[in-house]
Amino acid sequence: MTMQLGKLCKYADSCPVYQNKIKNLGKPIYIIRNVFCNRGFKGWSNCERFNALEENRSVNQNSTPYKL
Ligand code: SF4
């Protein structure tokens with residue numbers, strides 16, 4: 001599968017959510033990636049973690065699209 005440039009969140013490489021390092025996400029990782037990470041700004045802007053990073057608010061290793 002080729003990755004469409006500009007669609008994948010710029011934080012994906014270092015994101016523990018995208019890298020599937022977080023247990024108990026509540027949904028399968030492929031759903032999370034499709035809904036948030038691989039969806040361009042429309043998806044990213046619904047991610048709490050993305051918004052916090054964009055606004056220089058702090059996140060931790062357990063921060064997800066749903067909660068910081
Ligand atoms: S959209 Fe959110 S969960 Fe997905 S890679 Fe970006 S910061 Fe991580």
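Shown above is the structure to which this text applies.
Bear in mind that the values here come from a model prediction, so they are computed numbers and not experimental data.

Caption draft 1: Summary view of the nonpolar core. The biggest cluster of nonpolar side chains holds ten residues, and these are C9, C15, V17, Y18, I32, F36, C37, W44, C47 and F50. Ranked by residue count, the leading element in this core is helix α1 (residues 29-37), at three residues. When residues no more than four places from it in sequence are discounted, the contact partners of F36 are G43, W44, N46, C47 and P65.

Caption draft 2: Representation of the environment of G43 in the model. Following the sequence through the fold, G43 ends up in helix α2 (residues 40-44). On the neighbour-count criterion, G43 (20 C-beta atoms within 10 Å) is buried. Considering only alpha carbons, one finds G43 and N20, 23 residues apart in sequence, at a separation of 17 Å. Other than its neighbours up to four places away in sequence, G43 contacts V35, F36, C37 and N38.

What counts, and at which threshold
Residues numbered from 1 in each chain as written. Predicted model: local features only at pLDDT ≥ 70, side-chain atom pairs only at ≥ 80, totals over all residues. Core = buried A, V, L, I, M, F, W, Y, C linked by C-beta atoms within 7 Å. Buried ≥ 20, exposed ≤ 12 C-beta atoms within 10 Å, placed from the backbone. Helix = DSSP H or I, 4+ residues; strand = E, 2+ residues; numbered from the N terminus. Contact = placed C-beta atoms within 7 Å.

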